[in-house]
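# Working through the structure, step by step
One letter stands for each residue in the lines below.
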Amino acid sequence: GQAGATELLINPWARSSGWGGINTASVSGLEASFMNVAGLAQTVNTELLFSSTSWFSDININAFGFSRALDDDAVLGLSVMSMNFGDIEITTTEQPQGTGTTYSPSYMNIGLSYAKKFTDNISCGATVRMISESIPDLKASGVALDAGVQYVTGEKRNIKFGISLKNVGPKMQYSGDGNDITNTNSDGHGQDYPMSYDLRADAFELPSSLNIGGSYDFYYGEDHRVTLAGNFTSNSFSKDQMGVGAEYAYKSYFMLRGGYVYEDGITGEFSEGRTTAFTGLNYGVSFELPVNKSTNFGIDYSYRAANPLASPHSIGVRITL
């Protein structure tokens, strides 16, 4: 009745997480490989992106991506996300205080994305994502598929709609020596002998979700833009979410954004039915400066409010060529 591989629901990118990932309709560039891969088709030439997130309980998330525009309005992208849990002390029944040794879980997913503009108004895309979770004696791997569509209209191309389906794929299952236990058995003559048993772990579903969003751009002169956005997320194994937010941009040099993501019980306490550490508020800022005529360098930052756990911070660096 529950899903695993929930790291697939974590947005590792600093720009789109700055307003709660509600920009399904307007997301563009490499970050679209997480939100709505159809937005990857907005990549003009080449984009390099790196992001680091300080997650709960001293967990670090690093993400890297590369996208390249091809012929015929098509774009190919590659993204990698890795979680670092640090060193965890190994304990046993005989040594509950620790054996003096440690282990570190390895969580990683790698996505290969393809997006294309089919018309001046419609873009579509898909991502195949390989999933890996492991500790030294136990591992699980799987594959997931994302797909998305974006539609742009309006006199200034300022009205946008987007739909994305994420994390659709077969079940995953853990296997390895970590499932083994050794019991002491007795034969018919009363002699004890040890025997190892393989306890098979049940397979689990992926956390599929459906996102439907829209946005509208207001232009004030040639230098200022304000974008209002909204998004609805239907989660297969967790509560549905609704989000609204806004972004202000001065040309392409400075952007300030904020959003609020609501789900049932988010304003209450955990004893009242709240099931998330997040409290709904998200905000972020971006600076992007031209290095030369064909190269831009940008820095993104985002904050996601949480309680009682520490609020995650993300910082990213992007280079467009």
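Report on the accompanying structure. Everything numeric here is computed off the predicted structure, so don't read it as measured data.

### Some points on the overall build of the protein
In terms of regular secondary structure, the protein is built from one helix and 18 strands. Taken along its principal axes, the extent of the C-alpha atoms in the protein is 90 × 45 × 35 Å. Here the protein holds 321 residues, and 40% of them are scored as buried. Accessible surface computed for the protein: about 16700 Å², of which carbon and sulfur atoms make up 57%. Computing the positive centroid from 20 side-chain charges and the negative centroid from 33, the protein places the two 13 Å apart.

### Some points on empty space enclosed by the protein
Summed over all chains, the structure comprises two cavities of 30 Å³ or more. Empty space within the largest cavity amounts to approximately 120 Å³. Around the largest cavity, the lining is made up of 16 residues, and of these Pro12, Phe34, Met81, Asn109 and Arg129 lie nearest the centre. Those elements giving two or more residues to the lining of the largest cavity turn out to be helix 1 (32–35), strand 3 (74–84) and strand 9 (159–168). No other element matches strand 3, which puts three residues into the lining of the largest cavity. Of the residues belonging to the lining of the largest cavity, the class tally is eight nonpolar, four polar and four charged. When its volume is computed, the second largest cavity comes out at roughly 30 Å³. Contributing to the lining of the second largest cavity are Gln42, Lys117, Thr119, Asp120, Asn121, Ile122, Ser123, Val152 and Arg157. For the lining of the second largest cavity, the residue count by class is two nonpolar, four polar and three charged.

### Let's talk about the side chain of threonine 295
As for its placement among the helices and strands, threonine 295 is situated in the loop between strand 16 (278–290) and strand 17 (296–306). Non-local contacts of threonine 295, meaning those with residues more than four positions away in its chain, are made with Leu289, Pro290, Ile319, Thr320 and Leu321.

### Things to note about the packing of aromatic side chains
With the rule as written, the count across this model stands at eight aromatic pairs. Between tyrosine 174 and phenylalanine 204, the ring centres sit 5.9 Å apart and the planes meet at 35°, which makes this aromatic pair tilted. With tyrosine 174 in the loop between strand 9 and strand 10 (180–186) and phenylalanine 204 in the loop between strand 11 (192–198) and strand 12 (209–220), this pair connects stretches of sequence that are 30 residues apart. A connected cluster of aromatic rings, assembled from ring pairs, spans Trp55, Phe56 and Phe278. When the ring centre of phenylalanine 34 is taken as origin, the NZ or CZ atom of lysine 166, which lies over that ring, is 3.4 Å away. Across the ring face of phenylalanine 270, the terminal group of arginine 274 is positioned such that the distance to the ring centre comes to 4.6 Å.

### Details of the pattern of salt bridges
Taken as a whole, this structure holds eleven salt bridges when the rule is applied. When salt bridges that share partners are traced, they join Arg15, Glu31, Glu47, Glu288, Asp300 and Arg318 into one network.

### Observations concerning a nonpolar patch on the surface
Together, Val128, Met130, Val143, Leu145, Ile163, Leu165, Val168, Leu210, Ile212, Phe232 and Met242 line one region of the surface with nonpolar side chains, adding up to about 900 Å² of accessible area. For the nonpolar patch, the secondary-structure elements that each account for two or more residues are strand 7 (122–135), strand 8 (138–153), strand 9 and strand 12. Per-element accounting of the nonpolar patch gives the leading share, three residues, to strand 9. Considering the arrangement of structural elements, one finds valine 168 in strand 9. The class of valine 168 is partly exposed, set by a relative accessible area of 36%.

Quick notes on the rules
Residues numbered from 1 in each chain as written. Predicted model: local features only at pLDDT ≥ 70, side-chain atom pairs only at ≥ 80, totals over all residues. Heavy atoms only, no water. Helix = DSSP H or I, 4+ residues; strand = E, 2+ residues; numbered from the N terminus. Buried < 20%, exposed > 50% of the residue type's maximum accessible area, 1.4 Å probe, protein only. Areas by Shrake-Rupley, 256 points an atom, 1.4 Å probe, with all protein chains shown as cover. Lys, Arg positive; Asp, Glu negative; His and termini not counted. Charge placed at Lys NZ, Arg CZ, Asp CG, Glu CD. 1 Å grid on protein atoms, 1.4 Å probe; cavity = no way out; pocket = protein on both sides within 12 Å on 5 of 7 lines; lining within 4 Å. Points joined across faces, edges and corners; volume = space filled by probe spheres on them. Nonpolar A, V, L, I, M, F, W, Y, C, P; charged D, E, K, R; others polar. Contact = heavy atoms within 4.5 Å. Phe/Tyr/Trp six-rings, centres within 6.5 Å; stacked < 30°, edge-to-face > 60°. Lys NZ or Arg CZ within 6 Å of the ring centre and 35° of its normal. Salt bridge = Lys/Arg side-chain N within 4 Å of Asp/Glu carboxyl O. Patch = residues over 30% accessible without salt bridge, like charges linked within 9 Å, V, L, I, M, F, W, Y side chains within 5 Å.

The analysis is restricted to geometry; functional conclusions fall outside its scope.
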